[in-house]
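Each chain, written out:
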Number of protein chains: 2
Amino acid sequence: MPAGTGAAPGRRRPTVADVAREAGVSVATAGRALGNYGRVRDDLREQVQAAAERLGYSPNAVARSMRSGGTRSIGFVGADISNPYFATAMRGLCDVAREQGYEPILANSDDRLEVERAAVSVLLDKQVEGIVVAPTSVTDLAHLERAKELGVPIVLLDRHIGALEADSVVIDNEAAAYEAVAHLLGLGHRRVGLLACVDPAEGPELVARTGTGRLTVRGAARPSIDRIRGYLAAVDDHRATSSAELIQYTPLSDAAQAQRRAEALLTQPQPPTAVFATDNVTTQGLFMAARRRGLAIPADVSLVGFDDLDWTTLVDPPLTVVAQSPLDMGRAAAVRLFERIKGDDRPAERIVLPTELVVRSSTAEHGHGVREHSG
Amino acid sequence: MPAGTGAAPGRRRPTVADVAREAGVSVATAGRALGNYGRVRDDLREQVQAAAERLGYSPNAVARSMRSGGTRSIGFVGADISNPYFATAMRGLCDVAREQGYEPILANSDDRLEVERAAVSVLLDKQVEGIVVAPTSVTDLAHLERAKELGVPIVLLDRHIGALEADSVVIDNEAAAYEAVAHLLGLGHRRVGLLACVDPAEGPELVARTGTGRLTVRGAARPSIDRIRGYLAAVDDHRATSSAELIQYTPLSDAAQAQRRAEALLTQPQPPTAVFATDNVTTQGLFMAARRRGLAIPADVSLVGFDDLDWTTLVDPPLTVVAQSPLDMGRAAAVRLFERIKGDDRPAERIVLPTELVVRSSTAEHGHGVREHSG
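Residues numbered from 1 in each chain as written. Chains lettered and ligands numbered in written order. Predicted model: local features only at pLDDT ≥ 70, side-chain atom pairs only at ≥ 80, totals over all residues. Heavy atoms only, no water.

Under an unreviewed UniProt entry, chain A has the name LacI family transcriptional regulator and belongs to Streptomyces canarius.

This is the structure:
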């Protein structure tokens, strides 16, 4: 922070009114110039910026103070609130907000960019002091950049965006998937299927065979993509079968379609002896498909799911899953958001929370099933 | 609507500016007088009201038009967003809002009145055009009355409030519970337990024995209370065992405590041969308790749950449940809210959506179990 030659007496933190007075402009003009919104004449903007520098301002603090001392509300934009992952993350965020005396305002993006944009815009209109968002896109960032320019800190949940200077709270998706698939391979399975939470129109485009014959994933970093990456790395490292036929794609939050895709996977001529599902909806679809096809778990097929939801322990057999804690992730995102709201200006961080492979009874050694293949 | 002696030409719906002009006051004063907020001199208030009557105004429309043509956002206050019932209702509400070009703003009340009050207050500050609320209390209504006075329509979800002139979208909780318990009694069970979603500190106060020896429920109408009422009516009508020992209480959204309470119910000296749980969390606790105690379902104990969540069909045996549709309830509440926002001023209605007893495999006739009592 530059030395404040015109700092107010007593080293009180300068207000936007101080900057306006120092620059000889109205408070509204000072706010617009510093918050980088609305129209300001170029010469006035320069006057304001010079005044701000003399007084030692942080633009964030200015933009915030313009919002009449803060609305004591924060926003959360999740992909699908009826998905237990987001519902639980929201719960963690709401708990922290309330501890801080803030009201959380929640919005739903449906995992669609235009809906997310509209939600962020509404939250900015509502003058929230910060936003936690589970971003739909890692490339279309204008709406998030705009929030930052208005002095509204952004914390990302579930997905990190390298191109955006914003904290993120994530898990190591690739490592978590690798561990899950390595567990199956360690049990002797050679044909391990993947039920991936990726739009079926997009999936086969993303996963393609390279010149060396290996399958690789293109495309920007997202949880599902990183989990496919972990699956492929484990399969390659263990020299197991790498085949596009062992992968099925199904969109977010469509359990019925996940079940149909899982049935296609389980009933192909040479079916996998084990399957990994990349999220909670695909895990449910996979379990239902095995049931519906009369397959014994794990005798006919071993299953590893993602997300340690209650139901995975209520079913028979209880499922082996990759556990993450959306409650902790929601809490951690909110805690960091409040640090930013209070003026913490260290560089953006990627906060990686742990996952755990919880081995229960849905996975067993290859070779004592009733429907095994020579593999 | 009174005949408009001073109606604008062409029968255009009069605006707040028309009322202000007619009354000879500023638009702001007209809005305050008609919306019943802020301070207005008594003589000016009378002038404005007379002008409004001459022009044929509805106060709601006036208050709404004051909010600069509408913010195109609506609010939803649910008890606990991590509960699948509320998460799914929110989903239905969000879908309708988006179809209408509105942004939904969601808040969480934690089923605590002071949190609900704060949430409603924030939503009013954010100038939402209407609010759907699952009310915590059916007696403390000042915050909801205030919203109505500001011209912000309220639609209640899950609970009806007789004392509040507001639409509600509900199910017939008493009839649904009666049907569930009658199903168990029809199978020959005489000792039917109840796991009720009511604060354990409050439950024994609410359910008390009358002079005739019958148990009755006091207390205002809430879903859980009405479901207890249905349980007691079915037990009485079938002359089955009516005993406070057959009832356990457990608070909303605490699956661990629900499980402990269910275990206490199932392990008492003369345990029930069938149990009805009043909501989805108690249903889960009940199922887990039976499992943990090594009880075969339905051989040792028959179970009927509430809410047709996915997991109830994934477990073994699939559970008999009372099915309601929170998605339809959220949608219906939003549809009605938009009718009100658009000026529909018919009297408040109680909209009752259907429930269905879905009989699966967790209920069986009394008498072919391995742990039966002479009953």
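So, next bit.
Caption draft 1: Focus on the overall build of chain A. Counting secondary structure elements, chain A contains 14 helices and 14 strands. Put simply, chain A has 375 residues, and 57% of those count as buried. Considering only intrachain contacts with a sequence separation of at least 6, the fraction spanning at least 24 residues in chain A is 69%. (Helix = DSSP H or I, 4+ residues; strand = E, 2+ residues; numbered from the N terminus. Buried < 20%, exposed > 50% of the residue type's maximum accessible area, 1.4 Å probe, protein only. Contact = heavy atoms within 4.5 Å.)

Caption draft 2: Expanded view of the pattern of salt bridges. Applying the stated rule across the entire model yields 50 salt bridges over all chains. In this structure, R91(A) and D95(A) form a salt bridge, with 3.3 Å as the shortest nitrogen-oxygen distance. In this pair, R91(A) and D95(A) are both assigned in helix α5 (residues 84–99), four residues apart and thus about one turn of the helix distant. Residue R91(A) is classed as buried on the basis of its relative accessible area, which comes to 16%. Notably, a salt bridge pairs R98(A) with D110(B), separated by 3.8 Å at the nearest N-O pair. Linking R98(A) in helix α5 with D110(B) in the loop between β2 (103–108) and α6 (113–125), this pair reaches from one chain into another. When salt bridges with common partners are traced through the structure, they connect D80(A), D110(A), R112(A), E114(A), R91(B), D95(B) and R98(B) into a single cluster. (Salt bridge = Lys/Arg side-chain N within 4 Å of Asp/Glu carboxyl O.)

Caption draft 3: How the structure looks around the interface of chain A and chain B. On the side of chain B, 33 residues touch chain A, which itself brings 33 residues to the contact. Counting the surface lost from both chain A and chain B, the interface buries some 2800 Å², and carbon and sulfur atoms represent 58% of this. Its largest share of buried area at the contact with chain B, chain A owes to R91(A), K126(A) and L314(A), together 23% of the area lost on that side. Where chain A meets chain B, there are six salt bridges. (Buried area = accessible area lost by both parts, 1.4 Å probe.)

Caption draft 4: Layout of the packing of aromatic side chains. Under the counting rule described, the total for this entry stands at eight aromatic pairs over all chains. Their ring planes at 55° and their centres at 6.2 Å tell us that F276(A) and F306(A) sit as a pair that is tilted. A residue pair is termed long-range when its members are at least 10 positions apart, and F276(A) in strand β10 (residues 274–277) and F306(A) in strand β11 (residues 302–306) qualify at 30 residues. Accessibility classification places F276(A) together with F306(A) in one group, the buried group. The ring of F306(B) has R227(B) lying over it, and the distance from NZ or CZ to the ring centre is 3.7 Å. (Phe/Tyr/Trp six-rings, centres within 6.5 Å; stacked < 30°, edge-to-face > 60°. Lys NZ or Arg CZ within 6 Å of the ring centre and 35° of its normal.)

Caption draft 5: Geometry of the environment of H160(B). Residues and elements named next belong to chain B. Along the chain, H160 falls in the loop between β4 (154–157) and β5 (167–171). On a C-alpha basis, the gap between H160 and S302 in space is 31 Å, while along the polypeptide they are 142 residues apart. The contacts of H160, once residues within four sequence positions are left out, are V138, S168, V170 and R350. Within the structure, the side chain of H160 is placed 2.6 Å from the side chain of S168, a separation counted as a polar contact. (Polar contact = N/O pair within 3.5 Å; in protein donor to acceptor, adjacent residues only side chain to side chain.)

Caption draft 6: Region of interest: the pairing of strand β6 (residues 192–196) of chain B. Residue and element names in this part refer to chain B. Within β6, five of the five residues are buried, which leaves it mostly tucked inside the rest of the structure. Where burial is concerned, the two faces of β6 agree: the one with V192, L194 and A196 and the one with G193 and L195 are both buried. Pairing geometry for β6 and strand β10 (residues 274–277), over four bridges, is parallel. By the bridge assignment, L195 is partnered in β10 with A277. Of the strand pairs in this sheet, β6 and strand β9 (residues 247–249) are connected by three bridges, and their pairing is parallel. Residue pairing across strands places L195 opposite Q248, the latter belonging to β9. (Pairing = 2+ DSSP bridges.)

Caption draft 7: Geometry of the packing of α5(A) against helix α14 (residues 326–341) of chain A. Residues and elements named next belong to chain A. Direction vectors running N to C along α5 and α14 enclose 40°, while the axes themselves pass 7 Å from each other. Looking at the two axes, α5 sits oblique to α14. Where α5 crosses over α14, the handedness of that crossing is right-handed. Listed contacts from α14 to Y85, T88, A89, R91, G92, L93, D95, V96, A97 and E99 of α5 are P326, L327, M329, G330, R331, A334, V335 and F338. Among the residues making up the contact of α5 with α14, the classes are represented as 11 nonpolar, three polar and four charged. (Axes fitted to C-alpha atoms, helices over the stretch in contact; angles between N-to-C directions. Parallel < 35°, antiparallel > 145°, perpendicular 65-115°, else oblique. Left-handed = near helix turned anticlockwise from the far one by under 90°. Nonpolar A, V, L, I, M, F, W, Y, C, P; charged D, E, K, R; others polar.)

Caption draft 8: Structural view of the relation of the copies chain A and chain B. Rotating chain A by 180° and translating it 0.1 Å along the rotation axis places it on chain B, where the RMSD comes to 0.2 Å. The relationship between the two copies is best expressed as a two-fold rotation axis. Looking at the interface residues of chain A, 100% of them are also at the interface in chain B, so both copies use one shared face. (Least-squares fit on C-alpha atoms with pLDDT ≥ 70 in both.)

Caption draft 9: Quick look at helix α1 (residues 16–23) of chain B. Buried residues of α1(B): V16(B), D18(B), V19(B), A20(B) and A23(B), and no others. The first or second residue beyond α1(B) is G24(B), which carries a positive phi of 70°.

Caption draft 10: Focus on the confidence of the model for chain A. Residue and element names in this part refer to chain A. On average, residues of chain A score 87 in pLDDT, and 88% of them reach the 70 mark or higher. Residue range residues 61–68 is modelled with pLDDT below 50. Its contacts to residues more than four positions away, or to other chains, number 27 contacts. Of the two predicted TM-score estimates for the complex, the pTM is 0.76 and the ipTM is 0.72. (pLDDT = per-residue confidence, 0-100.)

Caption draft 11: Representation of the environment of V120(A). Residue and element names in this part refer to chain A. Following the sequence through the fold, V120 ends up in helix α6 (residues 113–125). With 24 residues separating them in the primary sequence, V120 and L144 have C-alpha atoms 7.7 Å apart. The contacts of V120, once residues within four sequence positions are left out, are V77, I131, H143 and L144.

Caption draft 12: Structural view of the sheet that holds β9(B). All names here are of chain B. Strand order in the open sheet made by the six strands is β9-β6-β10-β11-β12-β14, with mixed pairing throughout. Of all strands in the sheet, those bounded by a partner on one side alone are β9 and β14 (356–358). Geometrically, the sheet is characterised by an average inter-axis angle of 15° between neighbouring strands, direction not taken into account. Sheet analysis places strand β12 (residues 320–323) next to β14, joined by three bridges and oriented antiparallel. Paired with V321 across the bridge in β14 is V358. Packed onto the sheet, helix α8 (residues 173–186) meets β6, β10, β11 (302–306), β12 and β14 and runs at close to 170° relative to β10. Each of β6, β10 and β11 is contacted by helix α12 (residues 280–292), which is oriented at about 155° to β11, the strand it contacts most.

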